[in-house]
Structure formats: C-alpha cells, structure tokens
Amino acid sequence: MMKKVVKFGGSSLASAEQFRKVGAIIREDEGRRYVVPSAPGKRFDGDTKVTDMLYGCYRMAEQGRDFKEALRKIRERYQEIIDGLGLSLSLEQEFETIRKNFEEKAGEDYAASRGEYLNGIVMAEYLGYEFVDAAEVIAFDENGRLDGAKTDKMLGERMNQCDRAVVPGFYGAMPDGSVKTFSRGGSDITGSLVAKAVHADLYENWTDVSGFLMTDPRVVENPVTISTITYREMRELSYMGATVLHEDAIFPLRQEGIPINVRNTNRPQDPGTMIVESTCNKPKYTITGIGGKKGFASITIEKAMMNSEIGFGRKVLQVFEENGLSFEHTPSGIDTFTVYVHQAEFEEKEQQVIAGLHRAVQPDLIELESDLALIAVVGRGMRRTRGTAGRIFAALAHAHVNVKMIDQGSSELNIIIGVENRDFETAIRAIYDIFVVAQL
C-alpha cells in the first residue's frame, strides 16, 4: 500500500460541507495516512478567512481593547463546522487558553497559528486519527529559521508511533517553546516536511484548482492544465510570476525524490498535476508553460572592442551590486552589453548607476529603455524539437509584437523574451495559440 501525505488548503476546509468532501477523499484511499490541514478559508465571496480574523482579534488584545466579541465570532465558525459534522467535540477549553494567551500578549505568530491548530483538532476527531501538535514536531532555531535536521528527526520518530495522524500546517516552535509560523502558504511547507519525514510515496496537495495551468487564466481563457511538470520547469515558471507552490515546500520533497500531486477538492475525479524530479513521460505539447512579469527596464552599454576587454562584464555588474540592484538577464553582443532590472528599483538610483558605469567602463554610449516585460516559455520538450524559437518569433511577428530581447539558457529548458509592457498579453496569447491551440 502506498504511503501518502495529504495537505488540504483553507478553501477545502471552510465549512462542514467542505470537510465532508475532504473526509470522503481521505477515506477513499487507505494510503492517505497523514493529513495536514490549513485554517478555514472563505466560505463565500466577501467572507473572512479565520487566520485574518485571528490577526484582527489579537491586535485588539494587544491594544488593550475588548476582544471577546471578535473571539466569539471565531468560536462560532468552528462550532458551525462541528455541528455540521455531528461531532460531540468541545473546544471550550482551547478557546479559554487562547483568551488567556491573547491577554498575556503571546505574540502574533501564536495568534495566527491557532486557526490551523483548532482545525487540526476538529479534523482528527472527524477522521478518528491521532492529533499531533505541530509545535511538538517542527523546530525553528534561535534566529527563527527552520531547523530541518531536528524537525526531520522529531517528525520521523513521532510519526512512526502513529498509524494515522493529523498535523496542523503553518507553524512550529522556537527553542523556548514559543510558537513560530512560516510565511503565508506555510501549510505547504508543513506537508512537505511530514512527507519527507515519513518517506512518503506521494505528497498530495489538495486545493481549489485542478492542478497548474499552462498560463495565466486572466490572460488566456481556459488554459490547458499541465499534466506533468518537473521541479526545474516549475522553478522557471514560478520565478517568472506563475502562482505555484511555496518554494520552501518543494525543497524537502525534491531532496527525497517524492512526487507532488496537486488536486482539486471540489473535483476529486480530475487527475491534477504531477510534479516530479524527472520523467520519461513525453509532454503532449512542446512547451510546458508560459509565465511572465511586467515592469522591467534595460540598460544597454555600448563600447567598441569591449569583447576584448577583460573583466568588462564584472565591472558593469559590480556597479549594479554597489547600488543594491539585482539583475534579471544580461544579453550581450560584440560591442554591447545589456542589463535587465526591475524598473521600480532602478528608477530611484538610475543617475548613480549611469555615473558609476561611466567611471567603471568608460562606455561610448548608454541607452535606457523602460516599460518592458519578460516572458518565459518553459518546456522539457523544447530540447527535442527543432525550430521552437523560430515558431515563437513567427507567432509574435504575426501578432505584430516587437521582440526587444531573446535569451535561451544552455539547458534548452526555457526561452526568455523581452517585449514592451503593452504587448505582454498579446505576446502570451500568440505563443499559447501557436503551441497549444494549433494542436487541439
């Protein structure tokens, strides 16, 4: 029997009805032995997530205001779920402890973590699984960073004693025992840590979408779902703005070679997206996905014979480093060297950078261009397919998009294209059409 760790997001656990869907999913597969729940999310448009309610409630306590009514509303949210599931569970004592700790200013991290903590108790009761408080098995060091080795040891030892368990997401504990949370999206990290510790065969991440889409649905209507994606492809797409899993959630799984399956709680019949280290599985399309971001500027340094000047590139980039600016791409020609940076950051320091470049490399000319966008076309299938760049250029030319820059990595896993901000959506649609729609 496969050993699976399943993590459910806030929208999957927002109400008793959603809880029942989750229960059915877990009970359907004997391998789903370890469950990581988030705090209840929004039940409908305009609703408030429990985590946000807890933040607001704690701020009232911190300011010395009466927070009893705010805490009562949170309690009602949980009672609604408990009653809807027909459980005899009482959270009376838990809320009394929370009230005291809020009065004693236990900290914002403690407050935010209670959403997952309480939902974990409800989930464990509903499933008949053992409840394991994440504060007992997930360790942070004195600087507030995850202590991976200690966590892996504690989690592994504790999970070995449990045939089936619920571990709340999002938080752990500092060396002094105080609660510490991950950043938002931290339940994904908890899920991956549990999967690594128990040597899971599969980590299922259940949310409200049926896997990852090939591109932004706000740009392309109903884009195709990616069936299989490698960690490297995912890294490229997430770097270019695609909304994917929390980056820190991927690392422990990649270390162990554990695949991730992103599934939809509301459509459990959909296979979702598999995220793997590597695969022989040939992709249906040449490309896996398209990501992109607006708001870049380019700085082009022109100098005759610069290609024979040793250290030219280093001197140029050092100027950006000295001004606290990171660069995105550095396409170059025989006598030109271009640096792409985030425009908002660069605008504050553009004159210092220009002066610094003149001092460092004595250029013949410096040209600035603003309001640029970068688009990443990513796919392991591009290595085996001739003419991919040509097809991209043809599609963009047909859509009347002027290409400002093209940069292909030696891995042939991605091609970065620079266009004007105003052409961003048109360019993505044109690339999607030529590689996907034309094949449908």
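As a reminder, the structure under discussion sits directly above these lines.
Per chain, the residues get numbers from 1 upward, laid out in the order the sequence is written. At least 70 in pLDDT is required for a residue's local features to be given in this predicted model, at least 80 for side-chain atom pairs to be given and counted, and no such filter applies to totals for whole chains, interfaces and linings, which use all residues. The side-chain values count all of the structure's non-hydrogen atoms but skip hydrogen atoms and water molecules.

(A) Region of the structure containing the nonpolar core. By nonpolar core we mean a set of buried residues, namely Ala, Val, Leu, Ile, Met, Phe, Trp, Tyr and Cys, connected to one another through side-chain atoms within 4.5 Å. Only protein chains enter the calculation, and the probe is 1.4 Å; a residue is then buried if its accessible area is under 20% of its type maximum, exposed if over 50%, and partly exposed in between. In this structure, F102 and V122 are the most contacted members of the largest nonpolar core, which totals 116 residues. Ranked by residue count, the leading element in this core is helix 5 (residues 108-127), at 10 residues. The contact rule is simple, with two residues in contact once any of their heavy atoms fall within 4.5 Å. The residues touching V122, leaving out its near neighbours within four places in the chain, are F19, Y78, I81, I82, L85, L87, L89 and L91. Counting residues in hydrophobic clusters, the runner-up holds 18 residues, among them I299, I301, F346 and V353. The helix and strand labels rest on DSSP assignments: H or I over at least four residues marks a helix, E over at least two residues marks a strand, and numbering proceeds from the N terminus.

(B) The arrangement of helix 1 (residues 16-28) in detail. The span you would expect from a helix comes to 1.5 Å times its residue count less one. In this model helix 1 runs 18 Å from its N-terminal to its C-terminal C-alpha over 13 residues, within 8% of the 18 Å that 1.5 Å per residue would give. Every buried residue of helix 1 is accounted for by A16, Q18, F19, V22, G23, I25 and I26.

(C) Expanded view of the sheet that holds strand 3 (residues 130-131). Two strands are counted as paired when DSSP detects at least two bridges linking them. The strand order across the open sheet built from eight strands is 3-4-2-1-7-9-10-8, with neighbouring strands paired in mixed fashion. Looking along the sheet, the strands with just one partner apiece sit at the ends: strand 3 and strand 8 (228-230).

(D) Representation of the pairing of strand 2 (residues 32-37) in the model. For strand 2, a buried count of six out of six residues is recorded, marking the element as mostly surrounded by other parts of the structure. In the sheet, strand 1 (residues 4-8) pairs with strand 2 via five bridges, with the strands oriented parallel. Each residue of the ladder has a partner; that of V6, found in strand 2, is V35. When the strands point away from the viewer and the path from the first strand over the helix to the second turns clockwise, the crossover is right-handed. The β-α-β motif built from strand 1, the intervening helix 1 and the parallel element strand 2 has right-handed crossover chirality.

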